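Geometric and topological summary
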Amino acid sequence: MASPHFELLTHALTESLASRGRFVIVEGPAGCGKTELLYRFSRHASSVGVCTLWTQARPSGASTALSLIRQILNNPSLSEGAAADFRSALDQARALLRSAEGRLGGTAEMQQVWTALRGLTATKPLLICVDGLQHVDATSMRYLLYIAGRSRGSRLMLAATETPYSHRQDHTHRTEFLRLSHLQRLHMACLESDAVADFVAEYTNSEPDETAAQRYYALTGGNPLLLRALLDENTVVSGSSSSQGRSQHPPRSGAFQEAVLTCLANSGPDASVAADGLAVLDVGSAAELSQICGVSRTEMGRGIRALEAVGIIRGGRFRHPAVRETVLEWMDPERRRQLHGSAAALLRADGAAATEIASHVLVAGGTGKPWEVTVLQEAAEAVLVEGRQHQALQYLEMAHRMSIDERERTSIRIRTAILMRRTNPLASERVAEELLGDLRSGRVALDQCQAVADLLRGQCRFAELDEVNRVESELRSSCASEFAAAPALTSDAPAALTRRPVDVRLRRGWPHADTALLPERHSRKGVGPRLPTGELDAHDVAAAEATLRRVVLNDSTLEPIIVALRCLLDDGKVRKARHWCDLFMRESIQRRANGWYAWLSLLRADIALHLGMPSEAEAITQDALSRLSGRRESVLAGGLIGLQVMAQTALGHYEKSARELNRPPADSLLGSGFGLLYLRARGLHSLATRRPHVALDDFLTVGSMALRWAVDEPAWLPWRGDAAEAWLMLGYREKAKRLVVEQLVMTSAQRTRVRGVSLRLLGAATEPHKRLELLTSAVQKLQVTGDRLELARALRDLAETHRSLGETNRANVATRRAWKLAKECEAEPLCAWLLKEHDESLGQQENEVQGDAGAWTNKLSEAERKVAVLAASGYSNRDISMRLHVTVSTVEQHLTRVYRKLDIAGRQQLPVDMPFDLGGVA
């Protein structure tokens, strides 16, 4: 079906064929189909015998005089089909044109051109099509006006397309066009919403749903060129539209991008300038856009109207995000930086938020204005609250590059290192090394030394911390000397120079920031629970639990969270510590904070080892390491590797741990607290593979470094017990005993696990006749802690002691329990040893009743429970009667009822998971 515009053009052609020449201008925004309409009409005119001359004006030809008239007179269709008499007249006109370079557009020349065209109409109707009237040069425009003014009574028709708002030249000639009585203007516009649905249906040969049609309209404004591009790319736009008409999924780069660029190019220079400004500001008034683009408000207003007409913008912003992306992509980089710099200055003058300003400063690369550094720092903190740490780091990096003040640069780098800890601990460590280099070069102020020290302490890098402490002392001494030499200034000395120096060494025990496995000693005011050296009281534990319930995980709370978790762990509340640690680890994953996750994984793996779950510890460390970049260079990764090796060694995966240890560690690892974990893990591996001399060397190195750095705390680094095991393997009992006794003296009563392990080692270093009491006490303590692996080791030693004393039943019971626990822990080396030494007694393992402590306890009375516990522990009926002060007959009766209630045949089938707490039945 022919469109109304096409019908109007054919009617005008009919009038022209009747010697009533017509001049039709088809105007409308770019992409609405003007050129296509004119082309179809020219084909129709040719089909009815009209001589058609097609010309196309381009922006590049606007400065070339007579470019359009030369196209008309040099048209190939004339040379092939014109009559001989017209060709002669035309040649004469061409000669006049060639000789008129100095006086183009003179009346005589225009008359010759008109005469030639009129001569052609004498034999054949003539149609001149001009596509892009807005790009016609001024001289050609005068010729067109001359021809149009004389074509009223001829068989000549002029048809032209024009895009409004797209020209800047003088409007005098256009005003003259309006005076022509035979001029007709046809207005084309973008499609309305109903027409868009029809367009989509026709183009796709399917009926679109109403929502999709509305969405297409919202994204393109009904512009046919943009619509066709979206459909060509098969872009799905179903779903409700936002208030701005924005798509959540911009189309692929291709047809739509080309369509956008075509619309902008054909909408004129003002539209392009306005699009550049809007792409930078995203939304803005004509006044704001004119200010950042450096054009008048009139020009900017014209550009905005052109963009609205073409369907690219609505309400002062782009309809489709892909349009903005396209404009930014194709904008000259230098112009883009300039516009972003102007936008930043404009927004700052208007009092915009720092985040709005900083985004422009970042793209502009900075313009050197002093306020930009402050804005970038403020914006970094603001976006950090929203979880956009990558963008915050970008702002801080830019601020650091722009700042010329050394003090400010140091502060920015310290903050950068703290933020990098969230996602990339290795990068944080490298920034700390950079700050250390600045410190050595004297570019760090005295009152900033402690912040650098805190950063290094948070990374457990104690060797570098010593250097910071030394430099800080030197700076203080130097400042004190300067003020002593100038007494007149002493009274006004800054507090930072006159305060009492802080002893960095004394604060190493406090796990500042993230020292997840360090002992807790000195808390800072207002941060985390009070954790004094050695002893933990009820207040400490209550404060730790309150902290975990109250805080939200962030940069400032990570320290108190880890301290509180460590407090629960050291107080024996291992399962509570595990619960809270898992909670914060899940949160760190949700927030994509792999660095926080790795820090928490250090403590979580240690908790797993405390519970005798080496396979879980291995999985935790492996997962954390997989989330870290540059795991070989990171000090934090070295700590995780150390815990992973400990777990693998306990599991008997010696080849895996050997491969891990054979890889060179980070250069700075052995100068850090994590290096102590790594060395200890290496020593435990050597011990397990029967290389006690090598292991002893690592353990003693750990002890020497721990003493030097004042972090010697058995709760997290029991190097004395490790060294004692090596001495025992070498046959030096006295040396082993001396180290274990020293470890016991240093360990408070609350550190039940450490005391239990120490008592086991002390028993191994003591004469056999004194060993039973120590090992029984070790078993009781380790049973309370929940460390099944250490309990299994203690039970193994207790079984051997019972056997050496001739107490076979008790030895068998302890061995069975050790075997069960070792199997649960997947401790293959311990299982293998037990099988080798006691294969016959463990053969009945599969036939034992595997009871649940709570289940069997509920079935038995208090008296029956006491008898059952003692019987399961290997005591004879007479021993039980003497211990409980009852008759042997009573013991036998109780046991008979126990067997019946538990549905077992005898004492050999008593559950091996009965609590081994003999004190409760004594």
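Along each chain, residue indices are assigned from 1 in the same order as the chain's sequence is written. In keeping with the model being predicted, local features are shown solely for residues with a pLDDT of at least 70 and side-chain atom pairs are shown and tallied solely at 80 or more, while totals for entire chains, interfaces and linings include all residues. To obtain the side-chain values, all non-hydrogen atoms of the structure were used and water was disregarded.

A run of H or I in DSSP becomes a helix once it reaches four residues, and a run of E becomes a strand once it reaches two; helices and strands are each numbered from the N terminus. A count of helices and strands for the protein gives 45 helices and seven strands. Exposure is judged per residue with a 1.4 Å probe applied to protein chains only, and the accessible area is read against the type maximum: over 50% gives exposed, under 20% gives buried, and values in between give partly exposed. Counting every position in the protein, which comprises 922 residues, the buried fraction comes to 53%. Contacts are assigned to residue pairs that have any heavy atoms within 4.5 Å of one another. Once local pairs closer than 6 in sequence are excluded, the contacts in the protein between residues at least 24 apart make up 69%. Residue-level accessible areas treat just the shown protein chains as cover; the underlying method is Shrake-Rupley with a 1.4 Å probe. On the protein, roughly 39,400 Å² of surface is accessible, and the fraction owed to carbon and sulfur atoms is 51%.

Moving on, we get to the environment of Asp232. Relative to the helices and strands, Asp232 resides in helix H11 (residues 224–232). Overall, Asp232 belongs to the partly exposed group, its relative accessible area being 43%. Setting aside anything within four residues of it in sequence, one finds Asp232 in contact with Tyr203 and Ala255.

Attention shifts here to the environment of Ala726. Its location among the elements puts Ala726 in helix H35 (residues 719–730). Linking Ala726 and Leu684, residues 42 residues apart in sequence, is a C-alpha distance of 9.2 Å. Leave out the neighbours within four places in its chain, and Ala726 touches Leu687, Pro692, Leu696 and Phe699.

Before going further, it helps to examine the layout of surface pockets. In this structure, the largest pocket occupies an estimated 1,600 Å³ of space. Gly falls in the polar group here, along with every residue not listed as nonpolar (Ala, Val, Leu, Ile, Met, Phe, Trp, Tyr, Cys, Pro) or charged (Asp, Glu, Lys, Arg). Partitioning the lining of the largest pocket into residue classes produces 25 nonpolar, six polar and 16 charged. Only protein atoms enter the 1 Å grid, on which a cavity is a set of points fitting a 1.4 Å probe that cannot get out and a pocket is an open set with protein on both sides within 12 Å along at least 5 of 7 lines, lining residues being those with an atom within 4 Å of a point. The wall of the second largest pocket is formed by 38 residues, among which Cys32, Gly33, Glu36, Met188 and Pro224 lie closest to the centre. Those elements that provide at least two residues to the lining of the second largest pocket are helix H1 (4–17), helix H2 (34–47), strand S4 (156–162), helix H9 (193–204) and H11. Grid points are joined across faces, edges and corners, and a volume is the space filled by probe spheres set on the points.

Here we come to the nonpolar core. Nonpolar cores were defined as sets of buried Ala, Val, Leu, Ile, Met, Phe, Trp, Tyr and Cys residues, with membership established by side-chain atoms within 4.5 Å. Counting residues in hydrophobic clusters, the biggest one holds 148 residues, and the most contacted among them are Phe674 and Leu676. Contacts of Phe674, omitting those with residues within four sequence positions, involve Gln459, Cys460, Trp599, Leu602, Val635, Leu636, Gly639 and Leu669. The next biggest cluster of nonpolar side chains, apart from the first, holds 43 residues, and it includes Phe256, Val260, Ala279 and Leu307.

With that out of the way, let us pick up the side chain of Gln257. Along the chain, the position of Gln257 falls in helix H12 (residues 255–265). The contact partners of Gln257, leaving out residues within four places of it in the chain, are Thr326, Glu329 and Trp330.

Close contact between helix H37 (residues 752–764) and helix H38 (residues 768–785) brings their axes to 8 Å; oriented N to C, the two are set at 155°. On the basis of their axis angle, the class for H37 and H38 is roughly antiparallel. Note that H37 runs across H38; the crossing there is left-handed. Where H37 abuts H38, its residues Thr752, Arg753, Arg755, Gly756, Val757, Leu759, Arg760, Leu762, Gly763 and Ala764 lie against Arg771, Leu774, Leu775, Ser777, Ala778, Lys781, Leu782 and Thr785. Taken together, the residues of the contact of H37 with H38 sort by class into eight nonpolar, five polar and five charged. Angles run from 0 to 180 degrees between N-to-C directions of axes, and those axes are lines fitted to C-alpha atoms, restricted for helices to the stretch in contact. In this scheme, roughly parallel covers angles under 35 degrees and roughly antiparallel covers those over 145, while 65 to 115 is roughly perpendicular and the rest are oblique. Should the near helix be turned anticlockwise from the far one by less than a right angle, the crossing is left-handed, and should it be turned clockwise, the crossing is right-handed.

This part is about the confidence of the model for the protein. The predictor attaches a confidence to each residue, and that confidence, scored 0 to 100, is pLDDT. Averaged over the protein, the pLDDT score is 82; the fraction of residues at 70 or greater is 83%. The low-confidence segment residues 486–534, where pLDDT is below 50, has 136 contacts with residues more than four positions distant or belonging to other chains. Ignoring residues within four places in sequence, the model shows residues 843–853, a span with pLDDT below 50, making 19 contacts including any to other chains.

Once that is clear, we can look at the state of the cysteines. For this text, the term disulfide refers to a pair of cysteine sulfurs within 2.5 Å. Across all of its chains, the model carries zero disulfides by this definition. For Cys263, which is in no disulfide, the shortest distance to another cysteine sulfur is to Cys190 and amounts to 8.0 Å.

Once that is clear, we can look at empty space enclosed by the protein. Summed over all chains, the structure comprises five cavities of 30 Å³ or more. Looking at the largest cavity, its volume works out to about 110 Å³. As for the largest cavity, its lining consists of Leu569, Asp570, Gly572, Val574, His610, Ala715, Gln750, Arg751, Thr752, Arg753, Val754 and Thr785. Of all the secondary structure elements, the ones that give two or more residues to the lining of the largest cavity are helix H27 (558–570) and H37. Among the elements that take part in the lining of the largest cavity, H37 stands out by supplying three residues, more than any other. Residue classes in the lining of the largest cavity are distributed as four nonpolar, five polar and three charged.

Turning our eyes to something else, we now look at the packing of aromatic side chains. Pairing of aromatic rings covers Phe, Tyr and the six-membered ring of Trp, with a centre-to-centre limit of 6.5 Å; geometry is then stacked below 30 degrees between planes, edge-to-face above 60, and tilted otherwise. Within this structure, the stated rule accounts for eight aromatic pairs. Summarising the aromatic geometry, the rings of Tyr39 and Trp54 are spaced 6.0 Å apart at their centres and angled 85° between planes, so their arrangement reads as edge-to-face. Placement of Tyr39 in helix H2 and of Trp54 in strand S2 (residues 51–56) is noted, with a sequence separation of 15 residues between them. A ring pair is formed by Phe199 and Tyr203, whose centres lie 6.0 Å apart and whose planes are at 10°; its orientation type is stacked. Here Phe199 and its partner Tyr203 are both found in helix H9, four residues apart, which amounts to about one turn of the helix. Note on criteria: charge over ring means Lys NZ or Arg CZ within 6 Å of the ring centre, with the direction from the centre no more than 35 degrees off the ring normal. Lying across the ring of Tyr217, Arg319 places its NZ or CZ 6.0 Å from the centre.

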